[in-house]
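Analysis of the macromolecular model
This is what each chain is made of:
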Amino acid sequence: MGSQILWFLLLLTLTTICKSKSCHPNDLKGLQDFKARIHSDTSGRLNKWKSQDCCKWEGISCNNENGRVVQINLPGLYTSGNAPFQSTMAGELSPSITLLKFLEVIDMSELVGLAGQIPPSIGLHLPNLRKLNFLSNNFSGSLPQSICKLSKLEELYLQENSFSGFLPSCIGGLKNLRRLDIHSNKLSGAIPESITSLTNLESLCFQDNFLNGNIPENIGNLQVLKELDLSNNSLTGIIPRSVAKLYSISSLYLNDNQLEGEITLPSKPGQLSSLQFLRLQNNRLIGTIPPSIGYLTSLQRLSLENNQLKGTVPSGLGNLKSLTQLYLSYNQLSGQLPRSIGEISQLLLLSISHNMIEGPLPHQISSLSNLQSLDLSFNLLKMSTIPKWLMQLPSLSRIYLAGCGIHGEVQDYIKPLAKSLQELDLSANQLSGRIPVWIGSFTQLYTLNLSNNKFVSEIPSTVTNLENLGVLDLHSNKLEGSVNSVFQMKSRFEGGSLAYLDLSDNSFSGVIDQIGRGGQENIRYLNLSHNFLKGRLPTSIGALISVQTLDLSYNRLGSNLPTSLANVSTLERLMLHKNHFTGRIPEKYLKLRNLKELNLSDNLLEGKIPYGKPFVDFPKSSYSGNRGLCGKPLPPCKS
């Protein structure tokens, strides 16, 4: 009897071993076909798929009871040896993936090179699928109608691919869906009304597509929805009133569409009480900012900029004690700012530029001890001088007061901000006198814009201390002297920090022999036009290997064009007209393949225009006014 039991146990063990070493034929074929379509896998995981026991393959999980494959986990970003590793796969998804009919999870996210289409019959063969993740690959084609048959699906991630066509009208059939993300594709058409049947949905992200039509009227049915992002599409119509029924909503992004009508949300206290982030910018919204906006007491960020809003800024904004960022720029708001704005104690950023706000500024703004960025540019403030109390805000690091009617000299009480100020824009005012020498102590400064004022004299030599400066705009002043000090600025970065330099429309003179020599080689935009610069354009200009726009027009520069400029392969705009350049256009300039705009007119150039792209594509006006030039597109050269 004991021997019989022993044999039985041995047989049972052998049967279990045999089962564990086998893989259901359909699962095995489906996975082998998938592997066969992949011709590159930088992770090396597929190379280990060699035995017949697919349940032991890396990235594969099976059901312990029936041995069928239930999960394929092959994300591009995964942990290997306790360290994150980003892998890629190149190839196409095999339709045979639908043979694995017990699949519950497919995660092939962020493999980048994985292409193909979702199998049209996916919903008919994978009834147990709970999660499908194809995030950030190269899939294309339309979303199959059969996807609506995946009744157990809870998570669907198809974002950052190249899917096109319409959203399936039957998508409302996915009753268990909690997360739906198809952002950054090429989907078009309307959002199906059936989407409002997905009452378990917590996150809905359709941003960055080509969707049009109205937002579904009953979107408010999605009462457990926490995140709704429909931004960057072409949606029209009004914001549905039912949005107020989204009791759980935390993030509502409807920006960058063509939405119209008034902002009617919320209509009473308690609505949208969980809302933290509201973005409605870049639409066509009209009317006023409703006083009821003050009911959104959980709000942290509010953006209404670039609409057609009118009227005053409501005092109810003072109730938003959690608000950290407020964007109201580019509207038609008028009147004075409410005193209650000083009660938004957590405010970090306040942007109200390009409106019709009138002065004086409420002194209560001085209570905003956390304020880091303030933009009041281009209003009707008529400030005359910058309020001293404004410059005493302890956290202020970005100040934009362009077009605010400020005149006179720059006041010394700005000096205490030297250690913290990162951006300063005082352009389009009536400032006069010298640029103060103490500006060189603002060593954290990244942006300095003093353009369109009446500054005189030279650029102070202390500008060389601005080692973090990336943007310097002094155009349209009455500055004179040399520009060389700008190219000798210190920098903590290899190649220099300066990316944008505009000194045009001044009275600068002398040579520019330090251009490209002082360590500032990463300049992308350089405009020295409309000055009195003279002499040779130095060969060191070829060191500006990142420059895209170079404008030296309307000066007195002369001699031959430097051949070294041919090395600046990034150049897109080259404006050298109205100077005294002589000699030939260097043949090597044909290497400037990215050149889209060229003007060499009104110089003393001669000889044949180099033949070939991009030079043959430019009009005659690019070369006119040079009596010695010939060849296409000008008349042929005389033999």
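- Per an unreviewed UniProt entry, the recorded name for the protein chain is Probable leucine-rich repeat receptor-like protein kinase At2g33170, and the organism is Nicotiana sylvestris.

Concerning the overall build of the protein chain
- Counting secondary structure elements, the protein chain contains three helices and 46 strands.
- Along the first, second and third principal axes, the C-alpha atoms of the protein chain reach 110 × 75 × 50 Å.
- Put simply, the protein chain has 639 residues, and 53% of those count as buried.
- Within the protein chain, contacts between residues at least 6 apart in sequence are counted, and of these 57% link residues at least 24 apart.
- Carbon and sulfur atoms form 49% of the exposed surface of the protein chain, whose accessible area is close to 28000 Å².

Some points on the nonpolar core
- Leu-180 and Leu-390 are the most contacted members of the largest nonpolar core, which totals 179 residues.
- Listing elements by their share of this core, those giving two or more residues are α2 (25-36), β2 (60-62) and β3 (69-73).
- Sort the elements by how many residues they give to this core and α2 lands first, with three residues.
- If sequence neighbours within four positions are ignored, Leu-390 has contacts with Leu-361, Ile-365, Leu-374, Met-383, Leu-396 and Leu-401.

Brief notes about the packing of aromatic side chains
- A full pass over the atoms with the stated rule returns eight aromatic pairs.
- Between the aromatic rings of Trp-49 and Trp-57, the centroid separation amounts to 4.9 Å while the plane-to-plane angle is 15 degrees, which identifies the pairing as stacked. No difference in accessibility class separates Trp-49 from Trp-57, as the two residues are buried.
- Ring centres of Phe-139 and Phe-163 lie 6.2 Å apart, and the angle between their planes is 5 degrees; on these two criteria the pair is classed as stacked.

Some words on the UniProt feature "domain: Leucine-rich repeat-containing N-terminal plant-type" (unreviewed entry) in the protein chain
- If you check UniProt for "domain: Leucine-rich repeat-containing N-terminal plant-type" (unreviewed entry), the listed places come out as residues 24-63 in our numbering.
- The span residues 24-63 shows a helical share of 30% and a strand share of 18%, and its end C-alpha atoms are spaced 12 Å apart.

Regarding the pairing of strand β24 (residues 332-335)
- The pairing of strand β22 (residues 310-311) with β24 spans two bridges and is parallel. Residue pairing for β24: Lys-310 is matched across the bridge by Gln-332.
- As paired strands, β24 and strand β26 (residues 356-357) are joined by two bridges and run parallel to one another. Of the residues in β26, the one forming a bridge with Gly-335 is Ile-357.

Quick look at the state of the cysteines
- For the coordinates displayed, the defined rule picks out four disulfides.
- For Cys-148, the disulfide goes to Cys-170, at an S-S distance of 2.0 Å. Every disulfide takes its handedness from the sign of the S-S torsion; for Cys-148 and Cys-170 that torsion is 75 degrees, giving right-handed. With a gap of 22 residues between them, Cys-148 in the loop between β10 (138-141) and β11 (155-157) and Cys-170 in the loop between β12 (162-166) and β13 (179-181) connect regions that are remote in the sequence.
- Classification of Cys-148 by relative accessible area gives buried; the value is 11%.
- Counting only the cysteines that take part in disulfides, in the order they occur along the protein chain, gives the pairing 1-2, 3-4, 5-6, 7-8.
- This cysteine, Cys-205, is not joined by any disulfide, and Cys-148 carries the nearest cysteine sulfur, 19 Å off.
- On the accessibility criterion, Cys-205 (3% relative accessible area) is buried.

Quick notes on the sheet that holds strand β45 (residues 604-608)
- Pairing within the open sheet is parallel, and its 10 strands lie in the order β29-β31-β33-β35-β37-β39-β41-β43-β45-β46. Both edges of this open sheet fall to β29 (407-408) and β46 (628-630), since each of them pairs with a single strand only.
- Sheet analysis places β45 next to β46, joined by three bridges and oriented parallel. Considered in β46, the bridge of Gly-607 is made with Leu-629.

Digging into the side chain of Ser-529
- Looking at where Ser-529 falls in the secondary structure, it is placed in the loop between β38 (525-527) and β39 (532-536).
- Ignoring anything within four residues of it in the chain, the contact list for Ser-529 reads Ser-504, Asp-505, Asp-551, Leu-552, Ser-553, Tyr-554 and Asn-555.

What about the sheet that holds β24?
- Taken together, three strands build an open sheet; the order of strands is β22-β24-β26 and the sheet is parallel. Every interior strand has two partners, whereas the edge strands, β22 and β26, have only one.

A closer look at the environment of Ala-190
- Checked against the element boundaries, Ala-190 lands in strand β14 (residues 186-190).
- Overall, the relative accessible area of 44% leaves Ala-190 in the partly exposed class.
- C-alpha of Ala-190 to C-alpha of Ser-234: the two residues are 44 residues apart in sequence and 9.7 Å apart in space.
- The residues touching Ala-190, leaving out its near neighbours within four places in the chain, are Leu-167 and Asn-212.

A few points about the pattern of salt bridges
- All told, the structure shown has 11 salt bridges when counted by the stated rule.
- In this structure, Lys-48 and Glu-58 form a salt bridge, with 3.2 Å as the shortest nitrogen-oxygen distance. In this pair, Lys-48 sits in the loop between β1 (38-41) and β2 while Glu-58 sits in the loop between β1 and β2, placing the two residues 10 residues apart along the sequence.
- Judged by its relative accessible area of 55%, Lys-48 falls in the exposed class.

Details of α2
- For α2, built from 12 residues, the straight-helix expectation of 16 Å at 1.5 Å per residue is met to within 8% by its first-to-last C-alpha distance of 16 Å.
- Within α2, the full set of buried residues consists of Asp-27, Leu-28, Gly-30, Leu-31 and Phe-34. One face of α2 carries all of its buried residues, which in axial projection span an arc of 165 degrees. Every exposed residue of α2 that faces more than 90 degrees away from the buried side is listed here: Pro-25 and Ala-36.

A closer look at the environment of Gln-223
- Note that Gln-223 resides in the loop between β16 (210-214) and β17 (227-229).
- Taking the C-alpha atoms as reference, Gln-223 lies 43 Å from Arg-37; in sequence the two are 186 residues apart.
- Not counting residues within four places of it along the chain, the set of residues in contact with Gln-223 comprises Lys-245, Tyr-247 and Ser-248.

Let's talk about unusual backbone geometry
- For the peptide bond that leads from Leu-265 to Pro-266, omega is -15 degrees, which places it in the cis range.
- Structurally, Pro-266 is set in the loop between β19 (251-253) and β20 (277-279).
- Positive phi outside glycine occurs at Tyr-554, with the angle close to 55 degrees.
- Its location among the elements puts Tyr-554 in the loop between β40 (549-551) and β41 (556-560).

Describing the confidence of the model for the protein chain
- Looking at the protein chain, pLDDT values average 92 and 97% of them are 70 or higher.
- Confidence drops under pLDDT 50 across residues 1-20; counting only partners more than four residues distant or on other chains, this segment forms one contact.

Considering the side chain of Gln-207
- Assignment of secondary structure puts Gln-207 in the loop between β15 (203-205) and β16.
- Within polar-contact distance, the side chain of Gln-207 engages the side chain of Asp-229 at 3.2 Å.
- In this structure Gln-207 touches His-183, Ser-184, Asp-229, Leu-230, Ser-231 and Asn-233, once residues within four positions along its chain are discounted.

What counts and what doesn't
- Residues numbered from 1 in each chain as written.
- Predicted model: local features only at pLDDT ≥ 70, side-chain atom pairs only at ≥ 80, totals over all residues.
- Heavy atoms only, no water.
- Helix = DSSP H or I, 4+ residues; strand = E, 2+ residues; numbered from the N terminus.
- Buried < 20%, exposed > 50% of the residue type's maximum accessible area, 1.4 Å probe, protein only.
- Contact = heavy atoms within 4.5 Å.
- Areas by Shrake-Rupley, 256 points an atom, 1.4 Å probe, with all protein chains shown as cover.
- Core = buried A, V, L, I, M, F, W, Y, C linked by side-chain atoms within 4.5 Å.
- Phe/Tyr/Trp six-rings, centres within 6.5 Å; stacked < 30°, edge-to-face > 60°.
- UniProt positions renumbered as here; feature names shortened; annotations may be inferred.
- Pairing = 2+ DSSP bridges.
- Disulfide = S-S within 2.5 Å.
- Salt bridge = Lys/Arg side-chain N within 4 Å of Asp/Glu carboxyl O.
- Expected span 1.5 Å × (residues − 1).
- Arc of directions from axis to C-beta.
- pLDDT = per-residue confidence, 0-100.
- Polar contact = N/O pair within 3.5 Å; in protein donor to acceptor, adjacent residues only side chain to side chain.

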